[in-house]
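Next come the chains, spelled out residue by residue.
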Amino acid sequence: MGNFFFKAVYHIMGVPIWWERQNPRTILQPGSSPGQCWAFKGAQGSAVIKLSNPVIVSQVTLEHIPKSLSPDGSVASAPRNFEVFGLDDVDDPNPVLLGNFTYDTEKIKNPVQTFQVMQGVQIDEQAFSYVELKVLSNYGHPQYTCLYRFRVHGSLEHQTHPKAV
């Protein structure tokens, strides 16, 4: 996905006083205040994340701000439909689909949503070094989509206890 970065511009009485750029690394950092996201152009985009160790992925978590925290009460820029793939390396020609999910903006009480990956012979006990988050649509914003947080849950190879990575 190119090097497209949105800038947040803060104004006081119409005079710009601060410019803040968010890059894709933002989706891995703590904090979910309005505007503390990675915004990419349009309704479709993707991010590939290198995991600290190969992980047998069991769940993924996606987070956006709730409508109640949005300055205009809208979360049209929230991801809607998305897919997650497991990869052996960043240019893996055969990524494994871990799941196709829908982030639900109507879950007002829980903007942090966790999704179970698909179970199957191809995925069970297979560890991945990279995970790709592919956003397929948003909730109608015509210019951009905002990703606040993305987390991968699972277990390290040869371990039995799930661990967030």
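Residues numbered from 1 in each chain as written. Predicted model: local features only at pLDDT ≥ 70, side-chain atom pairs only at ≥ 80, totals over all residues. Heavy atoms only, no water.

### Concerning the overall build of the protein chain
- Scanning the protein chain from terminus to terminus reveals zero helices and eleven strands.
- Listing the helices and strands of the protein chain from first to last along the sequence gives β-β-β-β-β-β-β-β-β-β-β.
- A burial count over the protein chain gives 41% of its 165 residues as buried.
- Taking contacts inside the protein chain between residues at least 6 apart in sequence as the whole, the part at least 24 apart equals 70%.
- For the protein chain, the accessible area works out to roughly 9500 Å², and carbon and sulfur atoms hold 53% of it. (Helix = DSSP H or I, 4+ residues; strand = E, 2+ residues; numbered from the N terminus. Buried < 20%, exposed > 50% of the residue type's maximum accessible area, 1.4 Å probe, protein only. Contact = heavy atoms within 4.5 Å. Areas by Shrake-Rupley, 256 points an atom, 1.4 Å probe, with all protein chains shown as cover.)

### Examining the side chain of Glu-83
- Within the secondary structure layout, Glu-83 lies in strand β5 (residues 81–87).
- The side chain of Glu-83 sits in the buried core without any salt bridge; Lys-134 is the nearest counter-charge, 5.1 Å away.
- Within the structure, the side chain of Glu-83 is placed 3.3 Å from the side chain of Asn-100, a separation counted as a polar contact.
- Sequence-distant contacts of Glu-83, that is, excluding residues within four places in its chain, are made with Leu-97, Gly-99, Asn-100, Glu-132, Leu-133, Lys-134 and Leu-136. (Lys, Arg positive; Asp, Glu negative; His and termini not counted. Salt bridge = Lys/Arg side-chain N within 4 Å of Asp/Glu carboxyl O. Polar contact = N/O pair within 3.5 Å; in protein donor to acceptor, adjacent residues only side chain to side chain.)

### Observations concerning the pattern of salt bridges
- This model, assessed by the stated rule, comprises one salt bridge.
- Between Glu-63 and Arg-151 there is a salt bridge whose closest N-O contact spans 3.0 Å. Placement of Glu-63 in strand β4 (residues 45–63) and of Arg-151 in strand β10 (residues 149–156) is noted, with a sequence separation of 88 residues between them.
- For Arg-151, a relative accessible area of 34% corresponds to the partly exposed category.

### Remarks on the environment of Gln-44
- The topology assignment puts Gln-44 in the loop between β3 (38–41) and β4.
- Judged by its relative accessible area of 56%, Gln-44 is exposed.
- Residues Gln-44 and Leu-136, 92 residues apart in the sequence, show an inter-C-alpha distance of 4.9 Å.
- At a separation of 3.2 Å, a polar atom in the side chain of Gln-44 contacts the main-chain carbonyl oxygen of Leu-136.

### Quick notes on the state of the cysteines
- In total, this model carries zero disulfides according to the counting rule given.
- Cysteine Cys-37 is unpaired, with the sulfur of Cys-146 as its nearest cysteine sulfur at 3.0 Å.
- Accessibility expressed as a relative area gives 5% for Cys-37, which makes it buried. (Disulfide = S-S within 2.5 Å.)

### Some points on the nonpolar core
- With 25 residues, the main nonpolar core has Val-57, Leu-62, Phe-82, Val-84, Leu-133 and Phe-150 as its most contacted residues.
- Of all the elements in the fold, those that place two or more residues in this core are β3, β4, β5, β6 (96–102), β8 (128–135) and β10.
- One finds Cys-37, Ala-39, Cys-146 and Tyr-148 within the second-largest nonpolar core, a separate group that totals five residues. (Core = buried A, V, L, I, M, F, W, Y, C linked by side-chain atoms within 4.5 Å.)

### Here we look at the confidence of the model for the protein chain
- In this model, the protein chain carries a mean pLDDT of 78, and residues with pLDDT of at least 70 account for 68%.
- The low-confidence segment residues 1–11, where pLDDT is below 50, has 37 contacts with residues more than four positions distant or belonging to other chains. (pLDDT = per-residue confidence, 0-100.)

### Notes on the packing of aromatic side chains
- Under the definition given, this model contains three aromatic pairs.
- With centroids separated by 5.4 Å and ring planes inclined at 45 degrees, the aromatic side chains of Phe-82 and Phe-101 adopt a geometry described as tilted. Here Phe-82, found in strand β5, pairs with Phe-101, found in strand β6; they are 19 residues apart in sequence, far enough to count as distant.
- On the accessibility criterion, Phe-101 (8% relative accessible area) is buried.
- Their ring planes at 40 degrees and their centres at 5.2 Å tell us that Phe-101 and Phe-115 sit as a pair that is tilted. Placement of Phe-101 in strand β6 and of Phe-115 in strand β7 (residues 112–116) is noted, with a sequence separation of 14 residues between them.
- Using a relative accessible area of 13% as the deciding quantity, one classes Phe-115 as buried.
- Following the ring pairs from residue to residue traces out a cluster consisting of Phe-82, Phe-101 and Phe-115. (Phe/Tyr/Trp six-rings, centres within 6.5 Å; stacked < 30°, edge-to-face > 60°.)

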